[in-house]
Amino acid sequence: MQKKKIYIIMILSLVIVAVLSACQTRISDSGYSLKSVGTNIDSNIYILDVTMLGDPISNKNMSGEGASRQYSDIYGYGNMRLWQDGKGLVSVHVNSINPNLSYIKPGMDIVLKTTDLKVMAINEGYRFEVKCRNDYEPVASLQDNEMTSARYDTYELDFCRMTDPEIQYEAAEQ
């Protein structure tokens, strides 16, 4: 009788372990990365001297989102600005960056994510300074039981804000 009770308890224990194992959720970007991003957080503040690209004259309101676009013709240039959910996207030319960042170099044209609405009022050709964070964002959606690694890592300049309201017009080079 004693042996029978031990077998029943062991079988019930195995069934409980099996059931609990089956209920485990898969490892996903939003779950796993929240535990691991601490090593990827960059506490530096990057100061960029930039020149605005594009022309925001055609401002439109679409479902509460402000957008401005300049379309190119056969000779060439296109640009877009977008403001949505507290952040804006603007394309700029990087004149300088301090401290240095491996994926951003002076002379590059890049897209900034900004939380500063004043940036949307700056016209093409104006130079200004912003402070940004180097924001780590893993690529989303891992497969079942897939572990994240460096191949999922992406970085972007985010939370950019103007250091002061001063802007300077740079005459186009002839």
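Structure: see above.
Residues numbered from 1 in each chain as written. Predicted model: local features only at pLDDT ≥ 70, side-chain atom pairs only at ≥ 80, totals over all residues. Heavy atoms only, no water.

Draft legend 1. Spotlight on the pairing of strand S7 (residues 126-138). Strand direction decides the pairing type here: strand S1 (residues 45-52) and S7, joined by seven bridges, are antiparallel. If you follow Ile-45 over to S7, its bridge partner there is Arg-133. Alignment of S7 against strand S8 (residues 153-162), held across eight bridges, turns out to be antiparallel. Note that in S8 the partner of Arg-133 across the bridge is Asp-158. (Pairing = 2+ DSSP bridges. Helix = DSSP H or I, 4+ residues; strand = E, 2+ residues; numbered from the N terminus.)

Draft legend 2. Seen up close, a nonpolar patch on the surface. A cluster of nonpolar side chains, Ile-6, Tyr-7, Met-10, Ile-11 and Val-15, forms an exposed patch at the surface whose accessible area comes to about 510 Å². Following the sequence through the fold, Ile-11 ends up in helix H1 (residues 2-22). You can call Ile-11 exposed: its relative accessible area is 52%. (Patch = residues over 30% accessible without salt bridge, like charges linked within 9 Å, V, L, I, M, F, W, Y side chains within 5 Å. Areas by Shrake-Rupley, 256 points an atom, 1.4 Å probe, with all protein chains shown as cover. Salt bridge = Lys/Arg side-chain N within 4 Å of Asp/Glu carboxyl O. Buried < 20%, exposed > 50% of the residue type's maximum accessible area, 1.4 Å probe, protein only.)

Draft legend 3. Unusual backbone geometry, seen in detail. Note the cis peptide between Asn-98 and Pro-99, where omega equals -5°. The residue Pro-99 is located in the loop between strand S5 (87-98) and strand S6 (109-114) in this model. Positive phi outside glycine occurs at Phe-159, with the angle close to 60°. With respect to the helices and strands, the residue Phe-159 is situated in strand S8.

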